[in-house]
Amino acid sequence: MTRTRTAPKDAHLPLIGYREIEAGKIELARAIFAVADDEGRSAMQVLDKLNRFKLADEPLPYLAVREDAAEDGSCRRVIVVRHNLAHARVEESTELDAGDLTTEDLKDPEKRPPAASLALEEYAEDRRFRRQVMDAPRDIRISTVVLMYLKLRDPANMSPGAKELREYEARRHGETSPWTGFVNATNFGTQLIGYLKNMTVGQITATLGQNYKDHLQGKPRMRGGTDEEGRTVALPKDATVDAHLSLLNVALAWFVREYRAAVRVEFDKPVVDRGDPICLTWEEVRRAIMFCLGYVWDGVGYATERVFRDGKWQVVLVRRPLAEYEMYLPVVRFLLIYFLTGTRFKAILKLGWVPLNFRGWIDLDRGWIYRNGRKSKRHAAKPKEQSQLLPVVRLLFANWFAHDERSRIADKWAIRPSRRRKRARGTEDVEEKGFFVVHDGSGNPVPLKRMQELITEVFAKVGIDATGHKLKGGGVTTYHYAGFSLAQISFWFGTTERVLDTRYRKLKQAEATFGIRPAPPDPARITLSQLLDPHGRLGPVPRSAPHPEAVIDMLAEKAGARRACRARR
């Protein structure tokens, strides 16, 4: 059967001149958007001009009155923004009571409420922006996209119910609160806008990230200069630049996904060379602990002195009076918890001995450490997961708990009320009763700022050029040197193997077939000495010789004592 052709052969092709006509429409739309932006015209005026030039086939939105049923069964008249599109009629409620106003009255700007006019302008602005994304996406400023994304993240722009729902979803999925980084994101966005200025989406190139890095790190005031208050401004780190560009990348990706923009927004981010992590060794941690216990470090070893004990002269370590080192005692537990469990700085200061809702705790019965409370917020990158303790570490913590219990009964400890202003219930700062693992000597917490000052002071006294955050890296390295695998360390330290693989590449390479690895230890039988110094190479605590004059006096007294003994014979 022969098929009869009912349409011309070229019916599938565009009309002659169609491409030129469409290109002309796009150029006209770009001109309308550009002129409106320069002259500061409203969104309604732009939409009206697009309609008059047949560039948009949709009527203008307007305010109308709609009758809704109230909860008590009565009829409530509310003002809505109505838009009669070709495929459907869109209505967005302004939650404003219409009163005696009618739809005809709302057409008069003098009669409509200011809040209703603002709602209409916001809706028109959204339609104008979507139309610009469709016709001229390359002319949209990048700063506009960043500001829109920051407005989306601002918790002040959400209803309380929506905010609570987002908080619940984040907590259920083990993520941090969506609003935690809003302040930092605003700061990052401000610096990005200062550089981007009037740059449009169409001007994004692959070198945008590197250009921004050169700009941020090349400012004259950043090269050791000072700010308006006379404080020295440090050079921005590569990680800081990477955080700024990450915000820009997320904002542009949201823009393309939300508005389906037909434009490329990819750019290359500069590679951040984090290098090998600076880890503290157990020798350095031991040196800091000895100082916190009152022993004197003189730069080479611990100072010694001669004392007369048990009828003879002995050389012992010099120890300061209790009043001089009592303030450093909380640092001892802090250093050991950080080094042996990898728990983060702030989480250590919140640890308790009993189960808590908004603070972590150490479960001595089961031998586990919970770095978050039952209702605490989780961070997506650093979730601070709970983990089991090595038996030897659990035994150390059990001794601490027994000592605290004896002191609590003997000294009648009392929980000191928090000096901070109480916040809303359900946040991290809800005060929970319970003594702390790292405490001030009476079961109460040590403030974060105070602990930071103590750590800085102790490290400076014993010649350690690092921060307390390097303790976790030292602990991971020490566990690995003792024979534990990265998989085991990720379990003991409550972190993911991915983080260990990326941050400790050298340890991963040591697990290869060509690496020299000790035999895996038995976690149930390993001791602290085997864990911290498995090969016995650390040696005893370094000691400095007594002062020369003291040695001469000691030898003279010994010689006199021998002569007196011979004379008695």
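Residues numbered from 1 in each chain as written. Predicted model: local features only at pLDDT ≥ 70, side-chain atom pairs only at ≥ 80, totals over all residues. Heavy atoms only, no water.

Caption draft 1: Fine view of the nonpolar core. With 62 residues, the main nonpolar core has F334, L335, F397 and Y479 as its most contacted residues. Those elements giving two or more residues to this core turn out to be α10 (282-292), α12 (329-341), α13 (345-350), α14 (391-411), α15 (448-461), α16 (471-481), α17 (486-492) and α20 (528-532). Looking at which element gives the most residues to this core, the answer is α12, with 9 residues. Setting aside residues up to four positions removed in sequence, F397 forms contacts with I337, T341, W353, I362, L364 and L389. Ranked by size, the runner-up nonpolar core spans 31 residues in total, among them F129, M199, L252 and F267. (Core = buried A, V, L, I, M, F, W, Y, C linked by side-chain atoms within 4.5 Å. Buried < 20%, exposed > 50% of the residue type's maximum accessible area, 1.4 Å probe, protein only. Helix = DSSP H or I, 4+ residues; strand = E, 2+ residues; numbered from the N terminus. Contact = heavy atoms within 4.5 Å.)

Caption draft 2: View of the packing of aromatic side chains. Using the criterion set out here, one finds 22 aromatic pairs in the structure. Here Y149 and W254 contribute two aromatic rings whose centre-to-centre distance is 6.0 Å and whose plane-to-plane angle is 55 degrees, an arrangement assigned as tilted. Highlighted residues: Y149 in helix α5 (residues 142-153) and W254 in helix α9 (residues 238-259), separated in sequence by 105 residues. Summarising the burial analysis for this pair, Y149 and W254 share the class buried. Here W297 and Y302 contribute two aromatic rings whose centre-to-centre distance is 5.1 Å and whose plane-to-plane angle is 75 degrees, an arrangement assigned as edge-to-face. No difference in accessibility class separates W297 from Y302, as the two residues are buried. Aromatic rings pair up to connect W361, W368, Y370, Y479, F484, F491, W492 and F493 into one cluster. In this structure, R287 is placed above the aromatic ring of W297, and the distance from its NZ or CZ to the ring centre is 4.9 Å. Geometry around W313 places R306 over its ring, the cationic atom sitting 4.4 Å from the centre. (Phe/Tyr/Trp six-rings, centres within 6.5 Å; stacked < 30°, edge-to-face > 60°. Lys NZ or Arg CZ within 6 Å of the ring centre and 35° of its normal.)

Caption draft 3: Region of interest: the pattern of salt bridges. Using the criterion set out here, one finds 27 salt bridges in the structure. Measuring nitrogen to oxygen at the nearest pair gives 3.1 Å for the salt bridge that ties R66 to D68. Here D68 falls in the partly exposed class, since its relative accessible area comes to 25%. Taking the relative accessible area as the measure of exposure, R66 reaches 24% and is therefore partly exposed. (Salt bridge = Lys/Arg side-chain N within 4 Å of Asp/Glu carboxyl O.)

Caption draft 4: Fine view of the pairing of strand β5 (residues 312-317). Bridging between strand β4 (residues 304-309) and β5 involves 6 bridges; their strand directions are antiparallel. Paired with R309 across the bridge in β5 is K312. From the end of β4 to the start of β5, which pair antiparallel, there are 2 residues, and D310 there has a positive phi angle of about 55 degrees. (Pairing = 2+ DSSP bridges.)

Caption draft 5: Summary view of the packing of helix α8 (residues 208-217) against α9. One can describe the packing of α8 onto α9 by two numbers: an axis separation of 10 Å at closest approach and a directional angle of 135 degrees. Regarding the angle of α8 to α9, the classification is oblique. Note on packing geometry: the crossing formed by α8 with α9 is right-handed. Between α8 and α9, the contacting residues are L208, G209, Y212, K213, L216 and Q217 on the first element and D238, V241, H244, L245 and L248 on the second. For the contact of α8 with α9, a count of residues per class yields 6 nonpolar, 3 polar and 2 charged. (Axes fitted to C-alpha atoms, helices over the stretch in contact; angles between N-to-C directions. Parallel < 35°, antiparallel > 145°, perpendicular 65-115°, else oblique. Left-handed = near helix turned anticlockwise from the far one by under 90°. Nonpolar A, V, L, I, M, F, W, Y, C, P; charged D, E, K, R; others polar.)

Caption draft 6: How the structure looks around the sheet that holds strand β7 (residues 368-370). The 3 strands are arranged β6-β7-β8 in an open sheet whose pairing can be described as antiparallel. The sheet terminates laterally at β6 (361-363) and β8 (387-388), the two strands that pair on one side only.

Caption draft 7: Structural context of the confidence of the model for the protein chain. Of the residues in the protein chain, 79% reach a pLDDT of 70 or more, and the chain-wide mean stands at 81. For the protein chain, helix α21 (residues 548-568) is the element with the lowest average pLDDT, namely 57, and α12 is the one with the highest, namely 94. Segment residues 419-431: pLDDT under 50, and 15 contacts once partners within four positions in sequence are set aside and those in other chains are kept. (pLDDT = per-residue confidence, 0-100.)

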